[in-house]
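# Examination of the molecular architecture
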Protein chains: 2
Amino acid sequence: MSSQKRVRVSVSIREVAAHAGVSVATVSNVLNRPDIVARPTRDRVSASIAELGFVRNESARQLRAGRSRTIGLVVLDVANPFFTDLARGVEDEANKAGLAVILCNSDDQERKEKRYLELLEEHRVQGVLITPVVGASSRLARLQRRGTPVVLVDSRSPSRGQCSVAVDDVLGGDLAVSHLLEAGHQHIAFIAGPRTIRQVADRFEGALRALERAGRRHEDLHVIDVGALNVASGQKAGADIAAMTAGRPTAVFCTNDLIALGVLQEMTRHKIRVPEDISIVGYDDIDFAAAAAVPLTSVRQPRQQLGRTAARMLLEESAGGEAHQHQQVIFEPELIVRQSTAATR
Amino acid sequence: MSSQKRVRVSVSIREVAAHAGVSVATVSNVLNRPDIVARPTRDRVSASIAELGFVRNESARQLRAGRSRTIGLVVLDVANPFFTDLARGVEDEANKAGLAVILCNSDDQERKEKRYLELLEEHRVQGVLITPVVGASSRLARLQRRGTPVVLVDSRSPSRGQCSVAVDDVLGGDLAVSHLLEAGHQHIAFIAGPRTIRQVADRFEGALRALERAGRRHEDLHVIDVGALNVASGQKAGADIAAMTAGRPTAVFCTNDLIALGVLQEMTRHKIRVPEDISIVGYDDIDFAAAAAVPLTSVRQPRQQLGRTAARMLLEESAGGEAHQHQQVIFEPELIVRQSTAATR
DNA sequence: GCGACGGGATGTATCGTTTCACTACGAAGC
DNA sequence: GCTTCGTAGTGAAACGATACATCCCGTCGC
């Protein structure tokens, strides 16, 4: 009986009002403050809304309200499980507050990051969560000047001009290397990604700290530099280690799990047993770390919680206005010991 | 010298016009059709825009234009590398067209999917790319009635009422099992996820087809059912296989790579050598497949291309209007042979 | 010298919603 | 019977950008 319903491109509040025999203001009230509308009227309007298939126009609401009901999340690499888990945490929290998340992938490129920040600014998002490619971006500064809350994720705020959440990477590096030292390892290698990345530098610093505390010299840590934080780089480093005839390290600490998986693969290929011949420690504790052929010992970061907390701080700042106090939250990482590490014989 | 610039909440086109001494229409023209504005005027306006830090209000544009410059992408699981790669393809293509992507994670829940579709409808998105949780959703139908293009991703269109892109999963299953049969394997196991998932059913069907063609009976395929398409399920199945004392299969075909990784891990743990004692084939060819301790033979799906194509079809439909013809694109999967499979001795 | 022309700029209605100020009207208080 | 009050509903002005119709004015052709 309703087969003649046809392609109405869009039903506006005005048509609903006409259909229900009330003013547009009343329809708006039904939508936003139903309690102030008398019961019979309210029901009549609701019926019209359902019958006409009316759906609010978010653009119009936003225009009127001056800001949107979305937040932006800018990450370095959506393909990295670390960031997907983080995104998941952000999404959960945003959903709870009735906000949508625009997920932007800067791909480690300043150009893309800039473009996305402009887009988010045009959309008048309620706030931005970002792991910045570089320290200070002019777009970011402009967003803040406009009054848009910005929370730095996994990147300590240098200026204290904003909120930030991060994990104590120095402690993480310390934990990893302490674990290896306690297991009796004398000769430890550190596979480092680009030192310009703060996380890499901090984890390295933590490694040195552990060494010092154990009364060892910095030179005792054999550093192998690789170009990126991915599996391929780990394989290259692994090949180098396998090629060492004398003085091969008995343990390796990798800047992240992707590298560790690459190293592990090379060890297997060269019949170097893990952990009997060499121990491996990764970082991030991504799901694939536990599922590796030799389950990886890794430093776990509270990824989802990181996302949730960041989102909550953003919402709080957004609501709090002038009264808001910026804060820096630092989480503690945790060492998860699995089969890829063992004591020296 | 510009330190007194302060918290202007937002600069509108009107203020730019006043600053440059022109009308708002001219500012709009500079923004949208710069060629029709005289050079000196254009420069003056541009200078004002820069000085005041003006950024367009996307909501207002959208309201006027009647539709937004964003598209929605609804996936089942952002944590699955298959979907992140797909999203990457969509994003690239959307970016090229100057569109933003709202990434929604339905988490395999009908409730969340529905909520997201409502949100996308409120945002008047230009189109929706979706891997639906269930076949037909009323929200989806309503979106289409409104005239919003919808493209089904990785899910063959049942009604032909819309565009779709998918990969030939029957062929994929066929390729995998044919490969094993050609290598001389007589006793093959299939680790199946929930059969209600179309992909699972299709891959199974393909496996049977290969068997038939080789003159073998369906009963020759040993089916092991598991509850989900993840690593944990694979481990469970792997444990079952390891426990078999007699008649253990010499090859396993897994519904996806996560399961395959789980199986591989269990084999290693039980000192069952891969591929000497047992061959393993996965599905999806995620990056971690190549990086596994024993690099996995897997059926590759053109993930990024899937995303790109879907996005392109959506844009085309969005532009084409009435003239548009719905089409179903089916990609062919490809078998990538690595070290996890070998011929029987 | 006058009309036609056209490049360049402008005035303003419009998109859909929200909200503020206001009206209508019956009930209650004195 | 008049004022006061409260409840329910309405009119209309925003929000910011766009685009259509229009206008202004200097040039050119004849």
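Residues numbered from 1 in each chain as written. Chains lettered and ligands numbered in written order. Predicted model: local features only at pLDDT ≥ 70, side-chain atom pairs only at ≥ 80, totals over all residues. Heavy atoms only, no water.

## Some points on the protein's contact with DNA strand D
Lining the immediate surroundings of DNA strand D are 22 residues, of which Thr26(A), Thr41(A), Ile13(B), Arg61(B) and Arg64(B) lie closest. Close to the protein, within 4 Å, the atoms of DNA strand D belong to sugar or phosphate groups at a rate of 66%. At 2.5 Å, a backbone N or O of Ile13(B) approaches a phosphate oxygen of DNA strand D. Contacts to DNA strand D include Arg33(B), whose side-chain N or O atom sits 3.4 Å from a phosphate oxygen. Contributing elements (two or more residues each) for the surface near DNA strand D: helix H2 (24–32) and helix H4 (58–65) of chain A together with helix H2 (24–32) and helix H4 (58–65) of chain B. Split into classes, the residues belonging to the surface near DNA strand D amount to nine nonpolar, eight polar and five charged. (Near = heavy atom within 4 Å. Polar contact = N/O pair within 3.5 Å; in protein donor to acceptor, adjacent residues only side chain to side chain. Helix = DSSP H or I, 4+ residues; strand = E, 2+ residues; numbered from the N terminus. Nonpolar A, V, L, I, M, F, W, Y, C, P; charged D, E, K, R; others polar.)

## Let's talk about the interface of chain A and chain B
On the side of chain B, 55 residues touch chain A, which itself brings 54 residues to the contact. Of the roughly 4,800 Å² buried at the junction of chain A and chain B (both faces included), carbon and sulfur atoms supply 53%. If you sort the residues of chain A by the area they bury against chain B, Val55(A), Glu122(A) and Phe288(A) come out on top, with a joint share of 12%. Inspection of the chain A/chain B interface yields four salt bridges. Put simply, Arg88(A) and Asp107(B) hold a salt bridge, and the shortest N to O gap is 2.6 Å. For the pair chain A and chain B, the number of links is 20 residue pairs in polar contact (both at pLDDT 80 or more). Looking at the side of chain A that touches chain B, the elements that each hand over two or more residues are H4, helix H5 (81–96), strand E2 (100–105), helix H6 (110–122), helix H7 (138–145), helix H11 (257–269) and helix H12 (287–290) of chain A. Tallying contributions element by element places H5(A) first for the side of chain A that touches chain B, with seven residues. Of the residues in the side of chain A that touches chain B, the class split is 25 nonpolar, 13 polar and 16 charged. (Contact = heavy atoms within 4.5 Å. Buried area = accessible area lost by both parts, 1.4 Å probe. Salt bridge = Lys/Arg side-chain N within 4 Å of Asp/Glu carboxyl O.)

## A closer look at the nonpolar core
Membership of the largest hydrophobic core comes to 56 residues, with the highest contact counts inside it found for Ile191(A), Met267(A), Ile280(A), Ile191(B), Met267(B) and Ile280(B). Each residue touching Met267(B), except ones within four places of it in the same chain, is listed here: Gly238(B), Ile241(B), Ala242(B), Ile272(B), Val274(B), Ile278(B) and Ile280(B). The next biggest cluster of nonpolar side chains, apart from the first, holds 53 residues, and it includes Leu73(A), Cys163(A), Val153(B) and Leu315(B). (Core = buried A, V, L, I, M, F, W, Y, C linked by side-chain atoms within 4.5 Å. Buried < 20%, exposed > 50% of the residue type's maximum accessible area, 1.4 Å probe, protein only.)

## Remarks on helix H6 (residues 110–122) of chain B
When the terminal C-alpha atoms of H6(B) are compared, their 18 Å separation across 13 residues agrees well with the 18 Å that a helix rising 1.5 Å per residue should span. Within H6(B), burial applies to Lys112(B), Glu113(B), Tyr116(B), Leu117(B), Leu119(B), Leu120(B) and Glu121(B). Where H6(B) is buried, its residues meet H5 and E2 of chain A together with strand E1 (70–75), strand E2 (100–105), strand E3 (128–130) and helix H7 (138–146) of chain B. The first or second residue beyond H6(B) is Arg124(B), which carries a positive phi of 50°. (Expected span 1.5 Å × (residues − 1).)

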